[in-house]
Amino acid sequence: MNDLQPKKRRSRKWFGWFLGIMLITLATFVYVRYYYVFGTGVKSGELNYLVYKGVIFKTYEGKLIQTGFRADKPGGLQSNQFDFSVENKEIAEKLMLSSGKNVQLHYKEFFAPIPWRGYTKFIVDSIISIEEPRPDLQHEIAPYVLDTM
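Residues numbered from 1 in each chain as written. Predicted model: local features only at pLDDT ≥ 70, side-chain atom pairs only at ≥ 80, totals over all residues. Heavy atoms only, no water.

**Q** How should the side chain of S85 be read in this particular structure?
**A** Here S85 is to be found in strand 3 (residues 78-86). Exposure remark for S85: the relative accessible area of 0% places this residue in the buried category. S85 has contacts with Y60, E61, R117, G118, Y119, T120, F122, I123 and V124, leaving out every residue within four places of it along the chain. (Helix = DSSP H or I, 4+ residues; strand = E, 2+ residues; numbered from the N terminus. Buried < 20%, exposed > 50% of the residue type's maximum accessible area, 1.4 Å probe, protein only. Contact = heavy atoms within 4.5 Å.)

In structure tokens form, the structure reads like this:
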């Protein structure tokens, strides 16, 4: 009967090691999948729109139209579009006032999106340059855009 007790302890010990390794593996997977910055870069083009949307998690989502065309299907043409999310409210407000202007945006690329960070895997973290808007148009649009947020 005493021979059975060490086997139980060994199985518990191996189960504990197995469980620990699985938790470390899961934590590593989640970190790499959702928080590891896969790449960074700069995109430039005409800012099509930036909206604040979401059901549970409200995020800033935008679209940048780049110059040139690409073909998704043989014989078809489509403009290059860059879908992105913005975490910083100040950056989002500047971009909302710059819709239709040529901008250069610095972004971080993740392997997968997180709902509270945005709907895309590209997160804009800074604005490199914005083509200066006309002063008379900015004064007309700015109060309306900022009041709706």
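**Q** Teacher, can you tell me more about the packing of aromatic side chains here?
**A** Two aromatic rings, taken as a pair, are described by how far apart their centres are and by the angle between their planes. Applying the stated rule across the entire model yields eight aromatic pairs. Seen in terms of ring centroids, F38 and F111 are 4.5 Å apart; in terms of plane orientation they differ by 45°. Their pairing is tilted. On the criterion of sequence distance, the pair formed by F38 in strand 1 (residues 37-53) and F111 in the loop between strand 4 (102-110) and strand 5 (122-130) is long-range, its members being 73 residues apart. The interplanar angle of 20° and the centroid separation of 5.8 Å between the aromatic rings of F82 and F84 together place this pair among those described as stacked. Here F82 and F84 have matching classes, each one buried. Here the aromatic residues F82, F84, Y107 and F122 are joined through ring pairs into a cluster of three or more. R117 extends its terminal NZ or CZ atom over the ring of F110, reaching a point 3.8 Å from the ring centre. (Phe/Tyr/Trp six-rings, centres within 6.5 Å; stacked < 30°, edge-to-face > 60°. Lys NZ or Arg CZ within 6 Å of the ring centre and 35° of its normal.)

**Q** Looking at this model, I keep getting lost on the confidence of the model for the protein chain. Mind explaining?
**A** Averaged over all residues, the pLDDT of the protein chain is 83; the fraction at 70 or higher stands at 74%. Of all the helices and strands in the protein chain, helix 3 (residues 135-147) carries the lowest mean pLDDT, 58, while strand 4 carries the highest, 95. (pLDDT = per-residue confidence, 0-100.)

**Q** I tried to follow the nonpolar core on my own but got confused; where do I start?
**A** In a soluble, globular protein the nonpolar side chains are often hidden away together inside. Counting 16 residues, the largest nonpolar core has L50, F84, V86, L95 and V124 as the members making the most contacts within it. Every element with two or more residues in this core is listed here: strand 1, strand 2 (59-70), strand 3, helix 2 (89-96), strand 4 and strand 5. At four residues, helix 2 tops the list of elements feeding residues into this core. Filtering out sequence-adjacent residues up to four positions away, L50 remains in contact with Y60, E61, G62, F84, V86, A92, L95 and M96. (Core = buried A, V, L, I, M, F, W, Y, C linked by side-chain atoms within 4.5 Å.)

**Q** Teacher, can you tell me more about helix 2 here?
**A** Working note: α-helix, 3.6 residues per turn, so residues spaced by three or four point in the same direction. Every buried residue belonging to helix 2 is among I91, A92, L95 and M96, and all of these are buried. Buried residues of helix 2, seen end-on, are gathered within an arc of 135° and therefore sit on one face of the element. Those residues of helix 2 that are exposed and angled more than 90 degrees off the buried face are E90 and K94. The N-cap of helix 2, judged by a side-chain oxygen 2.9 Å from the amide nitrogen of E90 a few residues on, is N88. (Arc of directions from axis to C-beta. Polar contact = N/O pair within 3.5 Å; in protein donor to acceptor, adjacent residues only side chain to side chain.)

**Q** Would you explain the pattern of salt bridges in this entry?
**A** When their charged atoms lie close together, side chains carrying opposite charge are able to pair. A full pass over the atoms with the stated rule returns two salt bridges. Across the pair K121 and E109 runs a salt bridge, and its minimum N-O distance is 3.9 Å. Residue K121 is found in the loop between strand 4 and strand 5, and its partner E109 is found in strand 4; the two are separated by twelve residues along the sequence. Judged by its relative accessible area of 32%, K121 is partly exposed. (Salt bridge = Lys/Arg side-chain N within 4 Å of Asp/Glu carboxyl O.)

**Q** In this structure, what is going on with the side chain of E109? I would like to understand it.
**A** Owing to a relative accessible area of 16%, E109 belongs among the buried residues under this scheme. Sequence-distant contacts of E109, defined by excluding residues within four places in its chain, comprise Y36, V37, F38, G39, K121 and F122.

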